[in-house]
Amino acid sequence: QVQLVESGGGLVQPGGSLRLSCVFSGSIFSRYTMAWYRQAPGKQRDLVARITSGGWTTYAEPVKGRFTISRDNAKNTMYLQMNSLKPEDTAVYYCKADFGNNYWGQGTQVTVSS
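Scope of this entry: the structure provided in the associated data block. Here the residue numbering is sequential within each chain, running from 1 through the sequence in written order. In keeping with the predicted nature of the model, local features appear solely for residues at pLDDT of at least 70, side-chain atom pairs appear and are counted solely at 80 or more, and the whole-chain, interface and lining totals rest on all residues. Neither water nor hydrogens contribute to the side-chain values; these are computed over all heavy atoms in the structure.

**Things to note about the overall build of the protein**
Part 1 of the argument: Tallying secondary structure elements over the protein gives zero helices and eleven strands in all.
Part 2 of the argument: Scanning the protein from its N terminus toward the C terminus, one meets helices and strands in the order β-β-β-β-β-β-β-β-β-β-β.
Part 3 of the argument: By the compact-globule yardstick of 13 Å for 114 residues, the protein fits well, its C-alpha radius of gyration being 13 Å.
Part 4 of the argument: Along the longest, intermediate and shortest principal axes, the C-alpha atoms of the protein span 40 × 25 × 25 Å.
Part 5 of the argument: Taken across its 114 residues, the protein has 39% of its residues classed as buried.
Part 6 of the argument: Looking at the protein alone, contacts between residues at least 24 apart form 53% of all its contacts between residues at least 6 apart.
Part 7 of the argument: Accessible surface is estimated by sampling points in the Shrake-Rupley manner with a 1.4 Å probe; for residues, cover comes only from the protein chains shown. Put simply, the protein shows about 6100 Å² of open surface, and 46% of that area lies on carbon and sulfur atoms.
Part 8 of the argument: Counting rule applied: Lys, Arg positive; Asp, Glu negative; His and chain ends not counted. Charge positions come from single atoms, namely NZ of Lys, CZ of Arg, CG of Asp or CD of Glu. Charged side chains in the protein number 12 positive and 7 negative. The centres of these two groups are separated by 3 Å. Elements are defined by DSSP. Helices are runs of H or I of four residues or more, strands are runs of E of two residues or more, and each kind is numbered from the N terminus. Atoms counted for the radius of gyration: C-alpha only. Globule rule: 2.2 Å times the number of residues to the power 0.38. Only protein chains enter the accessibility calculation, which uses a 1.4 Å probe; a residue whose area is less than 20% of its type maximum is buried, one above 50% is exposed, and one in between is partly exposed. Whether two residues touch is decided by their heavy atoms; if any such pair falls within 4.5 Å, the residues are in contact.

**Focus: the pairing of strand β11 (residues 108–112)**
Along a regular strand, successive side chains alternate from one face of the sheet to the other.
Part 1 of the argument: Residue alternation in β11 divides its side chains into a buried set, Thr108, Val110 and Val112, and an unburied set, Gln109 and Thr111.
Part 2 of the argument: Of the strand pairs in this sheet, strand β2 (residues 10–12) and β11 are connected by three bridges, and their pairing is parallel. Residue pairing across strands places Leu11 opposite Thr111, the latter belonging to β11.
Part 3 of the argument: Following DSSP output, two strands are said to pair if at least two bridges run between them. Bridging between strand β9 (residues 91–99) and β11 involves three bridges; their strand directions are antiparallel. Across the sheet, the residue bridging to Val92 is Gln109, located in β11.

**What to know about the state of the cysteines**
Structurally, a disulfide amounts to a covalent bond that connects the sulfur atoms of two cysteines.
Part 1 of the argument: Cysteine sulfur atoms that come within 2.5 Å of each other are treated as a disulfide pair. All chains considered together, the criterion is met by one disulfide.
Part 2 of the argument: Sulfur-sulfur distance for the disulfide between Cys22 and Cys95 comes to 1.9 Å. In this structure the cystine formed by Cys22 and Cys95 twists about its S-S bond by roughly -70°; its chirality is therefore left-handed. Placement of Cys22 in strand β3 (residues 18–25) and of Cys95 in strand β9 is noted, with a sequence separation of 73 residues between them.

**What to know about the sheet that holds strand β1 (residues 3–7)**
Part 1 of the argument: With antiparallel pairing, four strands are arranged side by side in an open sheet as β1-β3-β8-β7. Unpaired on one side and paired on the other, β1 and β7 (67–72) mark the two borders of the sheet. Sheet twist, expressed as the average angle between the axes of neighbouring strands with direction ignored, equals 15°. Lines are fitted to the C-alpha atoms to define the axes, a helix being fitted only along its stretch in contact, and any angle between axes, read from their N-to-C directions, falls within 0 to 180 degrees.

**Some thoughts on unusual backbone geometry**
Part 1 of the argument: Even without a glycine there, the phi angle at Ile28 is positive, about 55°.
Part 2 of the argument: One can find Ile28 in the loop between β3 and β4 (33–39).
Part 3 of the argument: By relative accessible area, which is 43% here, Ile28 ends up partly exposed.
Part 4 of the argument: Positive phi outside glycine occurs at Ser84, with the angle close to 50°.

Here's what the structure looks like:
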């Protein structure tokens, strides 16, 4: 009964910025560990960033210093601020919620190209 909806993807030039949002529909969002994953064509789905219910964050090495994960429990929303974007960041970005069971959003396309 948990639903996740991502938004904010699009086309951006190298060096540009985007902010992704993931809206959580369900009960007790604040208890879930939330994460962003991404998957490029022909590649596996990889963790980008994670944030726990207590606010602990984890980042994949390629995005450290460029991306910031955050959450607003009052709005049941998780965000990914992406700065200094590179062509290698091009992928479908997925929202994940974890509280025993895992739930996934539908994904949002991010394309970094000149």
